[in-house]
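Coordinates in review
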Amino acid sequence: MTATTIRSMRDFTSASYDRIVPARQPWSGLIRKGQCIRIVDLEGQQAVDTLFYSAADSAERYCAQTTLATQGTAYIGAGTRLYSNRGRVMAAVIADTVGEHDTSAGACSREANTVRFGHQTRYMHACRENFVIELAKYGMAKRDIVSNINFFMNVPIRPDGELAIVDGVSKPGDYVEIAAEMDVLCVISNCPQVNNPCNGFNPTPIRVLIWDK
Ligand SMILES: [Zn+2]
């Protein structure tokens, strides 16, 4: 892995918002332009599926394809700007202690689970359901779910283009920090998956902090 890591200078005690998101649970919040959000992988190896929507118009939302193509990268990391489907910068990753985060492998769903792991997994909670629950608070639904960022998920892309979800490399306390460049709604699924190694087969809590500047 050649990616760089950048630590934040911000102190926990100066955050204006500080919550623990329990294992398997969703979270959402408004991040205003100039504010920044830190997502902390408290115990390590925990995938955090994340979406961004413009707070002014939710039809403008994070676009993985534009984000990767515009910056000529396959991953999200320190310095990555997060682009919308209208080609505008929504936010930027300003600190990252891991190095690389996936935005190609999508979110787990009950339907995908049955294809990958067998029909007995159909009734297991999945990220898609977390997103549906959380988006409903803002008048959005399944059709509003687009390709997401998977913070802390380790997805090597092989030379032939094939993806693999393998053991996460994040350690307890690793984090990403994202500065909003427009008012954005951030929607998170703290991934409940237990059928592949994206959460070390053991979903764990995360911590979300917001600073005003
Ligand atoms: Zn998931």
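To start, this report covers the structure provided alongside it. This structure is a prediction, so every number in the text was calculated from the model and none was measured.

1. Examining empty space enclosed by the protein
Tallied over the full model, the rule gives one cavity of 30 Å³ or more. In this model, the largest cavity occupies a volume close to 60 Å³. Taken together, 13 residues make up the lining of the largest cavity; nearest its centre are Gly106, Ala107, Cys108, Met153 and Ile165. In terms of residue class, the lining of the largest cavity is built from seven nonpolar, four polar and two charged.

2. A few points about helix 1 (residues 64–71)
Those residues of helix 1 that fall on the buried side of the exposure criterion are Ala64, Thr67 and Leu68. On an axial view of helix 1, the arc spanned by its buried residues comes to 90°, and they lie on one face. Of the exposed residues in helix 1, those oriented more than 90 degrees away from the buried face are Gln65 and Ala69. Here the buried face of helix 1 lies against strand 5 (81–83).

3. Considerations on the packing of aromatic side chains
Considering all chains together, one arrives at one aromatic pair under this definition. The ring of Phe12 is capped by Arg38, whose NZ or CZ atom sits 5.2 Å from the centre of that ring. The side chain of Arg38 reaches across the aromatic face of Tyr175, ending 4.5 Å from its centre.

4. Examining the pattern of salt bridges
Tallied over the full model, the rule gives eleven salt bridges. In this structure, Glu177 engages Arg10 in a salt bridge whose closest nitrogen and oxygen atoms are separated by 2.6 Å. Placement of Glu177 in strand 8 (residues 174–180) and of Arg10 in the segment before strand 1 (17–21) is noted, with a sequence separation of 167 residues between them. Its salt-bridge partner being Glu134, residue Lys137 comes within 2.8 Å of it at the nearest N-O pair. Relative accessible area serves as the criterion here: at 4%, Glu134 is assigned to the buried category.

5. Some words on the sheet that holds strand 7 (residues 149–151)
Pairing within the open sheet is antiparallel, and its four strands lie in the order 2-9-4-7. Each edge of the open sheet carries a strand with a single partner, namely strand 2 (26–31) and strand 7. Each neighbouring strand pair of the sheet contributes to a mean axis angle of 25°, computed without reference to strand direction. When strand 4 (residues 48–54) meets strand 9 (residues 184–190), the two strands line up antiparallel, connected through seven bridges. Across the sheet, residue Phe52 finds its bridge partner in strand 9, namely Cys186. Helix-sheet contacts for helix 3 (residues 127–136) involve strand 2, strand 4 and strand 9, and the interaxial angle to strand 9 is about 145°.

6. Here's the deal with the environment of Tyr17
For Tyr17, the position within the fold is in strand 1. Sequence separation between Tyr17 and Ala59 is 42 residues, and the spatial gap between their C-alpha atoms is 27 Å. Within the structure, the side chain of Tyr17 is placed 3.4 Å from the side chain of Arg19, a separation counted as a polar contact.

7. Looking at the coordination of the zinc ion
Octahedral metals with six donors have ideal donor angles of 90 or 180 degrees. Tetrahedral metals with four donors have an ideal donor angle of 109.5 degrees. Every protein donor of the zinc ion is accounted for by Cys108 (SG), Cys127 (SG) and Cys191 (SG), and the metal-donor separations fall at 2.2 to 2.3 Å. Within one chain, the residues serving as donors to the zinc ion are arranged as C-x18-C-x63-C. On the criterion of sequence distance, the pair formed by Cys108 in the loop between strand 6 (89–96) and helix 2 (110–117) and Cys127 in helix 3 is long-range, its members being 19 residues apart. Like Cys127, Cys108 is buried.

Conventions used here
Residues numbered from 1 in each chain as written. Predicted model: local features only at pLDDT ≥ 70, side-chain atom pairs only at ≥ 80, totals over all residues. Heavy atoms only, no water. 1 Å grid on protein atoms, 1.4 Å probe; cavity = no way out; pocket = protein on both sides within 12 Å on 5 of 7 lines; lining within 4 Å. Points joined across faces, edges and corners; volume = space filled by probe spheres on them. Nonpolar A, V, L, I, M, F, W, Y, C, P; charged D, E, K, R; others polar. Buried < 20%, exposed > 50% of the residue type's maximum accessible area, 1.4 Å probe, protein only. Helix = DSSP H or I, 4+ residues; strand = E, 2+ residues; numbered from the N terminus. Arc of directions from axis to C-beta. Contact = heavy atoms within 4.5 Å. Phe/Tyr/Trp six-rings, centres within 6.5 Å; stacked < 30°, edge-to-face > 60°. Lys NZ or Arg CZ within 6 Å of the ring centre and 35° of its normal. Salt bridge = Lys/Arg side-chain N within 4 Å of Asp/Glu carboxyl O. Pairing = 2+ DSSP bridges. Axes fitted to C-alpha atoms, helices over the stretch in contact; angles between N-to-C directions. Polar contact = N/O pair within 3.5 Å; in protein donor to acceptor, adjacent residues only side chain to side chain. Donors = N, O, S within 2.8 Å, 3.2 Å for Na, K, Ca; no water.

Geometry only, nothing functional implied.
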